[in-house]
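Read off the chains here:
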Amino acid sequence: MNYTVMITGMAIVTIFIKAVIFVLGDRVTFPPLLREALAFVPVTVLTAIIVPMVLAPHGHGLELTWRNPQLVAALAAIAVCAVTRHQLLTIGVALAVFFGWQFGVL
């Protein structure tokens, strides 16, 4: 398929959906169950993006070893977040562990 046609089609669909929601505004209300389910969309999308990058960073299968700096940094981030619940500290520690592991250990 031609990439230009595909990207144009995706743009049209996206603009149409956003325009309908913008035009209808407050006249349309979602049921409580749907609103609650939509609250989990960002978490699931981020999980779907991050987990493959952490577990298989080179795309050749799982790399569940200490030689995978993405995995080590993710485990450090999980530990720091669970203990402190501080986002900036979690990001800082994860980056420090990743780069330290990438350039210091390996």
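This text goes with the structure placed above it.
Anyway, here's the lowdown on the structure attached to this text. Model, not experiment: these values are computed from the prediction. (Residues numbered from 1 in each chain as written. Predicted model: local features only at pLDDT ≥ 70, side-chain atom pairs only at ≥ 80, totals over all residues. Heavy atoms only, no water.)

Looking at unusual backbone geometry
One non-glycine residue, Arg 85, lies in positive phi territory at about 60 degrees. The residue Arg 85 is located in the loop between helix 4 (69-84) and helix 5 (87-105) in this model. (Helix = DSSP H or I, 4+ residues; strand = E, 2+ residues; numbered from the N terminus.)

Some details on the packing of helix 3 (residues 41-55) against helix 4
Between two packed helices, what matters for the description is the angle formed by their axes and the separation of those axes. Interhelical geometry of helix 3 versus helix 4 gives an angle of 125 degrees and a closest axis separation of 7 Å. In terms of axis orientation, helix 3 runs oblique to helix 4. In this structure, helix 3 uses Met 53, Val 54 and Leu 55 to contact helix 4, whose residues at the interface are Gln 70, Leu 71 and Ala 74. Split into classes, the residues belonging to the contact of helix 3 with helix 4 amount to five nonpolar, one polar and no charged. (Axes fitted to C-alpha atoms, helices over the stretch in contact; angles between N-to-C directions. Parallel < 35°, antiparallel > 145°, perpendicular 65-115°, else oblique. Contact = heavy atoms within 4.5 Å. Nonpolar A, V, L, I, M, F, W, Y, C, P; charged D, E, K, R; others polar.)

Thoughts on the environment of Pro 31
Note that Pro 31 resides in the loop between helix 1 (3-24) and helix 2 (32-38). Classification of Pro 31 by relative accessible area gives partly exposed; the value is 46%. C-alpha separation for the pair Pro 31 and Trp 66, spaced 35 residues apart in sequence, amounts to 46 Å. (Buried < 20%, exposed > 50% of the residue type's maximum accessible area, 1.4 Å probe, protein only.)

Considering the environment of Thr 14
Secondary-structure assignment places Thr 14 in helix 1. A relative accessible area of 39% means that Thr 14 is categorised as partly exposed. Through-space distance from the C-alpha of Thr 14 to that of Ala 73 is 35 Å; in sequence the pair is 59 residues apart. Looking at Thr 14, its side chain comes within polar contact range of the main-chain oxygen of Met 10, at 2.8 Å. (Polar contact = N/O pair within 3.5 Å; in protein donor to acceptor, adjacent residues only side chain to side chain.)

Details of the packing of helix 4 against helix 5
It is the contact of helix 4 with helix 5, at a shortest axis distance of 8 Å, that shows an interaxial angle of 155 degrees. Of the possible angle classes, the one that applies to helix 4 and helix 5 is roughly antiparallel. Considering the relative orientation of helix 4 and helix 5, their crossing is right-handed. Of the residues in helix 5, those touching helix 4 at Pro 69, Gln 70, Val 72, Ala 73, Ala 76, Ala 77, Val 80, Cys 81 and Thr 84 are Leu 89, Thr 90, Val 93, Ala 94, Val 97, Phe 98, Trp 101 and Gln 102. For the contact of helix 4 with helix 5, the per-class residue count stands at 13 nonpolar, four polar and no charged. (Left-handed = near helix turned anticlockwise from the far one by under 90°.)

Notes on helix 1
Look at helix 1: 32 Å from first C-alpha to last across 22 residues, which is about the 32 Å you get at 1.5 Å a residue. Count one or two residues on from helix 1 and you reach Gly 25, which has phi positive near 55 degrees. (Expected span 1.5 Å × (residues − 1).)

Overview of the packing of aromatic side chains
Applying the stated criterion to the full structure yields two aromatic pairs. On the basis of an interplanar angle of 70 degrees and a centroid distance of 5.1 Å, the ring pair of Phe 98 and Phe 99 is categorised as edge-to-face. Classification of Phe 98 by relative accessible area gives partly exposed; the value is 21%. Looking at Phe 99, the relative accessible area reads 42%, which means it is partly exposed. Ring geometry for Phe 99 against Phe 103: centres 6.1 Å apart, planes inclined by 0 degrees, an arrangement best described as stacked. You can see Phe 99 and its partner Phe 103 sitting in helix 5, four residues apart, about one turn around the helix. Feature note: the residues Phe 98, Phe 99 and Phe 103 constitute an aromatic cluster, connected by ring pairs. (Phe/Tyr/Trp six-rings, centres within 6.5 Å; stacked < 30°, edge-to-face > 60°.)

These results come straight from atomic positions and should not be treated as a statement about function.
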